[in-house]
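# A structural walkthrough
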Amino acid sequence: IPEKSCLAMPANVPAGSEETLYVFAGNAQAYPNPDRLAEFYKTATNLSFEEGDGLEPDAWRFKETDDGHRLLWTTEDPFSGAKCVRCDVDKGQKPSWVAARQSGIAVEPGATYRFEGMVRGKDVEGNSGWYLHLGNRENSMLSSPMLYVDKRGDFDWTRVSLDFTMPENGELLE
């Protein structure tokens, strides 16, 4: 703060009590540094998978894939709109997690949320559905609720939903 400057910090503090206000200036190690909040806290975006170009929809990253477990962004029979994400698993492959994920989605500790998703299957032999990571900066998986579709073989688009409460020390969703 330049010399002879004034820093005004309005606050509502009840009579007879104290509050502490913190000022961040020139300290990139401060947590959370307000200049970097956009980097730390974001909301889920492109939930319909419609936006983007290339091999992945905007804001999404495909992880934990291999030659026998693939994720594809496709126009093949989406639930709504023009695109969806498809998971292909070759016959004979061992079960494995694959992930189409967005990281660092800000949530409130202790708050209750509802997650809803759609799943369609062809030749399904094991579990299919969605799983979530509820965590914080130190531990990205304090809890990992799963939403399974209890169907095998071929099935049309099926809604799965789950009401969940973030752990008291949880602040991020993947």
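Residues numbered from 1 in each chain as written. Predicted model: local features only at pLDDT ≥ 70, side-chain atom pairs only at ≥ 80, totals over all residues. Heavy atoms only, no water.

Quick look at the overall build of the chain now. Within the chain one finds one helix and 11 strands. Counting helices and strands in the order they occur from the N terminus, the chain gives α-β-β-β-β-β-β-β-β-β-β-β. Relative to its full complement of 174 residues, the chain shows a buried share of 28%. Long-range pairs, those at least 24 residues apart, make up 60% of the contacts in the chain with a sequence separation of at least 6. (Helix = DSSP H or I, 4+ residues; strand = E, 2+ residues; numbered from the N terminus. Buried < 20%, exposed > 50% of the residue type's maximum accessible area, 1.4 Å probe, protein only. Contact = heavy atoms within 4.5 Å.)

Looking at the chain, pLDDT values average 87 and 89% of them are 70 or higher. Within the chain, the element-level pLDDT minimum falls on helix α1 (residues 37–40), averaging 54, and the maximum on strand β2 (residues 69–74), averaging 96. (pLDDT = per-residue confidence, 0-100.)

Moving on: the pattern of salt bridges. Within this structure, the stated rule accounts for 12 salt bridges. R70 is the salt-bridge partner of D90, the closest N and O atoms lying 2.9 Å from each other. One end of the pair, D90, is in the loop between β3 (84–89) and β4 (99–101); the other, R70, is in strand β2, and 20 residues separate them in sequence. According to the relative accessible area criterion, R70 is partly exposed, its value standing at 27%. Connected via shared salt-bridge partners are R114, E116, R159 and D163. (Salt bridge = Lys/Arg side-chain N within 4 Å of Asp/Glu carboxyl O.)

This part takes up the side chain of H133. Its place among the elements puts H133 in the loop between β7 (128–131) and β8 (134–135). Among all residues touching H133, those that are not within four sequence positions of it are R101, S140, M141, S143, S144, L172, L173 and E174.

One finds L132, L134, F164 and L173 to be the most contacted residues of the largest nonpolar core, which totals 14 residues. For this core, the secondary structure elements donating two or more residues are β6 (112–124), β9 (146–149) and β10 (153–165). Residues in contact with L132, not counting those within four places in the same chain, are F115, S143, S144, P145, L147, F164, L173 and E174. (Core = buried A, V, L, I, M, F, W, Y, C linked by side-chain atoms within 4.5 Å.)

The next subject is a nonpolar patch on the surface. A contiguous nonpolar surface patch, about 350 Å² in accessible area, is contributed by L7, M9, L21 and V23. Residue position: L21 is located in the segment before α1. (Patch = residues over 30% accessible without salt bridge, like charges linked within 9 Å, V, L, I, M, F, W, Y side chains within 5 Å. Areas by Shrake-Rupley, 256 points an atom, 1.4 Å probe, with all protein chains shown as cover.)

On to the sheet that holds strand β11 (residues 172–173). Spatial strand order, β5-β11-β8: three strands in an open sheet with antiparallel pairing. Each edge of the open sheet is held by one strand with a lone partner, namely β5 (105–106) and β8. In the sheet, β5 pairs with β11 via two bridges, with the strands oriented antiparallel. Among the inter-strand pairings, A106 is bridged to a residue of β11, identified as L172. (Pairing = 2+ DSSP bridges.)

Take N46: it is sitting in the loop between α1 and β1 (61–63). Apart from the residues lying within four places of it in its own chain, the contact partners of N46 are E51, P57, D58 and W60.

What follows is about the environment of D123. Its place among the elements puts D123 in strand β6. Here D123 falls in the partly exposed class, since its relative accessible area comes to 48%. Each C-alpha atom, one on D123 and one on D154, is 5.4 Å from the other, the two residues being 31 residues apart in sequence. Ignoring any residue separated from it by four or fewer positions in sequence, one finds D123 in contact with G153 and D154.

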